[in-house]
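Residue-level listing of the chains:
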Amino acid sequence: MTKDTRMREGESLAEALEACLSDWSQRTGITVEVWALPTADVSPSTAGGVLAAMREALANVESHSGAAAVSIAVTVGAGGLRMTVSDHGQGFDTAKAARGIARMRAAFAELGGTLTVNSVRGEGTTVTGVLPRRG
């Protein structure tokens, strides 16, 4: 696990996300609207993959979107885990997606999930990652 995705001993995914989002918002000046954070915990490998993808999504918002705010929801339920990162920035042509999106997709694929990116020029981008519940 890389330094960026390491969690402190006993820290839940929700706590790790709160710290990540707070630090990022303070550093960038971009407002983070948290819609939901998980109430159930997940395995360390799942938490690491979600944190890695979240950090990459936030880096993309910071570097490319021009958005003043980003909305975040990460939920864990009977169907699995869902992560949504949405901004109202400038959007982009997803056919020209770069390595950051590939890294996010790889993080979710490694855990058996999928990641989609929807973007509309002038309206923003939404990244959605889904990890099915494992038996």
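Here the structure is shown first, and the text comes after it.
Read on for a plain summary of the structure. (Residues numbered from 1 in each chain as written. Predicted model: local features only at pLDDT ≥ 70, side-chain atom pairs only at ≥ 80, totals over all residues. Heavy atoms only, no water.)

A separate point is the overall build of the protein chain. Along the backbone of the protein chain there are 3 helices and 5 strands. The N-to-C order of helical and strand elements in the protein chain reads α-β-α-β-β-α-β-β. Its C-alpha atoms give the protein chain a radius of gyration of 14 Å, near enough to 14 Å, the size a compact globule of 135 residues would have. By its C-alpha atoms, the protein chain is 40 × 30 × 25 Å across when sized along the principal axes. Buried residues in the protein chain amount to 43% of all 135 residues. Within the protein chain, residue pairs in contact and separated by at least 24 positions form 66% of the contacts whose partners lie at least 6 positions apart. Here the protein chain has roughly 7500 Å² of accessible surface; of this, 49% comes from carbon and sulfur atoms. Placing the 13 positive and 14 negative side-chain charges of the protein chain at their respective mean positions leaves the two points 7 Å apart. (Helix = DSSP H or I, 4+ residues; strand = E, 2+ residues; numbered from the N terminus. Rg over C-alpha atoms; globule rule 2.2 N^0.38 Å. Buried < 20%, exposed > 50% of the residue type's maximum accessible area, 1.4 Å probe, protein only. Contact = heavy atoms within 4.5 Å. Areas by Shrake-Rupley, 256 points an atom, 1.4 Å probe, with all protein chains shown as cover. Lys, Arg positive; Asp, Glu negative; His and termini not counted. Charge placed at Lys NZ, Arg CZ, Asp CG, Glu CD.)

Turning our attention to the pattern of salt bridges. Applying the stated criterion to the full structure yields 2 salt bridges. For the salt bridge of Glu56 with Arg103, the shortest nitrogen-to-oxygen distance reads 3.1 Å. Of this pair, Glu56 sits in helix α2 (residues 44-65) while Arg103 sits in helix α3 (residues 99-110), and the two are 47 residues apart along the sequence. (Salt bridge = Lys/Arg side-chain N within 4 Å of Asp/Glu carboxyl O.)

Our focus in this paragraph is the sheet that holds strand β5 (residues 124-132). Strands sit in the order β1-β2-β3-β5-β4 across an open sheet of 5 strands; the sheet is mixed. The open sheet has two edge strands, β1 (31-36) and β4 (114-120), and neither has a second partner. Between one strand and the next, the sheet's axes are offset by a mean angle of 15 degrees, whatever the strand orientation. For β4 and β5, the ladder comprises 7 bridges, and the chain directions are antiparallel. Each bridged residue has a counterpart across the sheet, and for Asn118 the counterpart in β5 is Thr126. This element, helix α1 (residues 13-28), spans β1, β2 (69-77) and β3 (80-87) of the sheet and lies at about 160 degrees to β1. Sitting on the sheet, α3 is in contact with β3, β4 and β5, with an inclination near 150 degrees to β4. (Pairing = 2+ DSSP bridges. Axes fitted to C-alpha atoms, helices over the stretch in contact; angles between N-to-C directions.)

Note on Glu56: relative accessible area 16%, which makes it buried. Discounting chain neighbours no more than four positions away, the residues touching Glu56 are Gly100, Arg103 and Met104.

Its place among the elements puts Arg105 in helix α3. The class of Arg105 is partly exposed, set by a relative accessible area of 39%. Along the sequence, Arg105 and Ser22 sit 83 residues apart, while their C-alpha atoms lie 24 Å from each other. With residues near it in sequence (within four places) discarded, Arg105 still touches Leu115 and Val117.

Moving on to the pairing of β3. Counted residue by residue, β3 has 7 buried out of 8 residues, so it is predominantly covered. Pairing of β2 with β3 involves 8 bridges; the strand directions are antiparallel. When the sheet's bridge partners are listed, Ser71 is paired in β3 with Ser86. Following β2, the chain reverses through 2 residues before pairing antiparallel with β3. Looking at chain direction, β3 and β5 are connected through 8 bridges and run antiparallel.

Position of Asp41 relative to the elements: it lies in the loop between β1 and α2. Separated by 60 residues in the primary sequence, Asp41 and Ile101 have C-alpha atoms spaced 25 Å apart. Among all residues touching Asp41, those that are not within four sequence positions of it are Glu11, Ser12 and Leu13. A distance of 3.2 Å separates a polar side-chain atom of Asp41 from the backbone nitrogen of Leu13. (Polar contact = N/O pair within 3.5 Å; in protein donor to acceptor, adjacent residues only side chain to side chain.)

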